[in-house]
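# Report on the structure
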Amino acid sequence: MKLATWNVNSIKVRLPQLVDWLAQARPDVLCLQELKTPVEGYPRAELEAAGYASAVNGQKTYNGVAILSRASSSDTLADIPGFADDQRRVVAATVADVRVVCVYCPNGQSVGSEKYEYKLRWFAALREYLAKERAAHPRLAVAGDFNVAPEDRDVHDPKAWEGQVHVSAPEREAWRALLATGLKDSFRLFEQPEKTFSWWDYRMMGFRRNAGLRIDHILLSDELANRCTSATIDKAPRRLERPSDHAPAVAELRAA
DNA sequence: ATGGCTACGATCCGTAGA
């Protein structure tokens, strides 16, 4: 099974690139973030024509997530149960024998801001929810835009970013608390090239300078981590005209 | 130089992203 995640920064703008990428990469499951459209505007028919079913949790203008799958999905769940939130950031579904949770974690704006406090509250709620998913599903994958660079090697310029949002100690602690529910960062199961990132600022020629962060992740329960044969970031879509500022992360699992 | 793009929905600027 090939699992992927991609923050597309508007599914309407990126639909042609998305359809091309699906045809070329042929993931079995793709988690999408920042759809920026309500479910009524979601291009379900176009993606069905491309061979993919969709579980969608949409919202006008902001946020919005979906799980695309070649096989049909079941037991779809929108949002974090019991966490009052008007931002559509989570959708979960079961595909074949794998429970998939797609997340668009809050940005946090700046350390100490109201949005930062929201980010930390949100991560605490996500952790409680994932602990339950993990207890119910030994084969669990959690994929998305986490808006956290877990370690300094996930940051192009750790000195410049020190203490900033995406790398601050409380955010990294919240990240480790997610892993402590029984999940592994698939990317770090393998030797990786240095300075591999998943997001680059649109400004200041961020991509050309490889001034990026690794903030898009695929977490796997132990059972799936044991089946994982590769974990990569596909930079090709970031090179296109009018790209998303994020690149897809991909993890491959061998059959059980 | 604390800006610089990009998307959106409101209008020709403000909000948000990271």
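### As for the protein's contact with DNA strand B
DNA strand B sits among 22 residues. The nearest are Ser10, Thr61, Asn107, Tyr202 and Arg203. Partitioned by chemical class, the residues of the surface near DNA strand B number six nonpolar, eight polar and eight charged.

### Examining helix H3 (residues 114-136)
The terminal C-alpha atoms of H3, which comprises 23 residues, lie 33 Å apart, in line with the 33 Å expected from a rise of 1.5 Å per residue. Within the span of H3, buried status applies to Lys119, Trp122, Phe123, Leu126, Tyr129, Leu130 and Glu133. Where H3 is buried, its residues contact strand S7 (98-104), strand S8 (140-145) and helix H5 (169-179).

### Brief notes about the pairing of strand S12 (residues 216-221)
Most of S12 is tucked away: six of the six residues are buried. Across five bridges, the pairing between S8 and S12 is antiparallel. Across the sheet, Ala141 pairs through a bridge with Leu220, a residue of S12. In terms of strand pairing, strand S9 (residues 183-185) meets S12 through three bridges, oriented antiparallel. Within the sheet, the bridge partner assigned to Leu183 lies in S12 and is Ser221.

### Some details on H5
For H5, the full list of buried residues reads Glu171, Ala174, Trp175 and Leu178. Along the axis of H5, the buried positions cluster into a sector of 100 degrees, meaning they face one direction only. Across from the buried face of H5, at angles greater than 90 degrees, the exposed residues are Ala169, Glu173 and Arg176. Lining the buried residues of H5 we find H3, S9 and S12.

Rules used throughout
- Residues numbered from 1 in each chain as written.
- Chains lettered and ligands numbered in written order.
- Predicted model: local features only at pLDDT ≥ 70, side-chain atom pairs only at ≥ 80, totals over all residues.
- Near = placed C-beta within 6 Å.
- Nonpolar A, V, L, I, M, F, W, Y, C, P; charged D, E, K, R; others polar.
- Helix = DSSP H or I, 4+ residues; strand = E, 2+ residues; numbered from the N terminus.
- Expected span 1.5 Å × (residues − 1).
- Buried ≥ 20, exposed ≤ 12 C-beta atoms within 10 Å, placed from the backbone.
- Contact = placed C-beta atoms within 7 Å.
- Pairing = 2+ DSSP bridges.
- Arc of directions from axis to C-beta.

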